[in-house]
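# Descriptive analysis of the structure
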Amino acid sequence: MELKLIVEAILFSAQKPLNPKELRELLAAAAEHGEEAKPFKKTKEDAILVALEQLQQDHQAAQRSYRLVCVAGAWQFASQPEFAPWIIALVGAKVRLPRLSQPALETLAIIAYRQPLTRAEIEQIRGVAVDGVMQTLLERGLVEQAGRAEVIGRPMTYATTPSFLEYFGLRSLEDLPAADELRRIPVTRPEQLLTADPDLATAPPEQLALAEVESTKPPPDSPPASPPPA
């Protein structure tokens, strides 16, 4: 019996996507339920991954109405997109969350390509505050806290989640489209978290100093100050 056929039977009967680690555990557990399963008890994950890729190629070559796909590192069978009208008629349309706004997509792209990074670094690239957008991405489970940056104040850093890969149908972050220009944008971490305005992005110290000087200048049309009394 071929390993890929065993894996095919498991995935066909599974109620959820399975990753190679879960498949390896199932192969080990199956040894208790039949002699024919014992030779596969100690199958390594690398061998399972090879079997999955072979199985994927087999189904692709057969041009069936379904295919084997890998999303966020987990494998499952899925119907081909062109058969969507008949599948919807059978099971109904899946209610999807509202689409992400353009600012949310821009912020998510920055995090995806430059992760992990702090909120101040995200604002430095976008040029605007991202408080509301970040809250949306966190609530949708597309972004999560990934630790703390090794700078003064140790601000929180953020990274994408497996749900991000599932949302965009990606196998891994390596499947992201090329974005060399986005990766080349220089980002410098400030020594302190200074802001010119709570609602704006982090401003560099020289801008804060300039703003402070400008705020002390009199208006251009204001009358000259009266001399002090003698």
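For the structure, see preceding data.
The next subject is a nonpolar patch on the surface. On the surface, a nonpolar cluster with roughly 560 Å² of combined accessible area is contributed by F83, W86, I87, L90 and V91. Along the chain, F83 falls in the loop between β2 (74-79) and α4 (84-91). Taking the relative accessible area as the measure of exposure, F83 reaches 32% and is therefore partly exposed.

Backbone-to-backbone hydrogen bonds pair the strands of a sheet. The strands run either parallel or antiparallel. Strands sit in the order β3-β5-β4 across an open sheet of 3 strands; the sheet is antiparallel. The outermost strands of the open sheet, each flanked by one partner alone, are β3 (117-118) and β4 (143-148). In this structure, β4 lies alongside strand β5 (residues 156-160), joined through 5 bridges in antiparallel fashion. For V143, the partnering residue across the bridge sits in β5 and is T160. The strands touched by helix α7 (residues 131-139) are β4 and β5; relative to β4, the strand with the most contacts, the crossing angle is about 105°.

This next bit is on the nonpolar core. One broad rule of soluble globular proteins: the nonpolar side chains tend to lie buried together. Formed by 22 residues in total, the largest nonpolar core has its most connected members in L108, I111, I122, M134, L137, V143 and F164. Breaking this core down by element, the ones donating at least two residues are α5 (102-114), α6 (119-126), α7, β5 and α8 (162-168). Counting residues per element, this core draws most heavily on α5, which supplies 6 residues. Those residues in contact with F164 that lie beyond four places of it in its chain are L108, A112, L142, L170, L173 and L176.

For β5, the tally of buried residues reaches 5 of 5 residues, placing the bulk of the element in the interior. Alternating positions in β5 separate into two faces, M156, Y158 and T160 on one and T157 and A159 on the other, with burial throughout. Relative to β5, β3 runs antiparallel, the two being bridged by 2 bridges. Counted as the bridge partner of T118 is T157 from β5.

Reading the values: rules and limits
- Residues numbered from 1 in each chain as written.
- Predicted model: local features only at pLDDT ≥ 70, side-chain atom pairs only at ≥ 80, totals over all residues.
- Heavy atoms only, no water.
- Patch = residues over 30% accessible without salt bridge, like charges linked within 9 Å, V, L, I, M, F, W, Y side chains within 5 Å.
- Areas by Shrake-Rupley, 256 points an atom, 1.4 Å probe, with all protein chains shown as cover.
- Salt bridge = Lys/Arg side-chain N within 4 Å of Asp/Glu carboxyl O.
- Helix = DSSP H or I, 4+ residues; strand = E, 2+ residues; numbered from the N terminus.
- Buried < 20%, exposed > 50% of the residue type's maximum accessible area, 1.4 Å probe, protein only.
- Pairing = 2+ DSSP bridges.
- Contact = heavy atoms within 4.5 Å.
- Axes fitted to C-alpha atoms, helices over the stretch in contact; angles between N-to-C directions.
- Core = buried A, V, L, I, M, F, W, Y, C linked by side-chain atoms within 4.5 Å.

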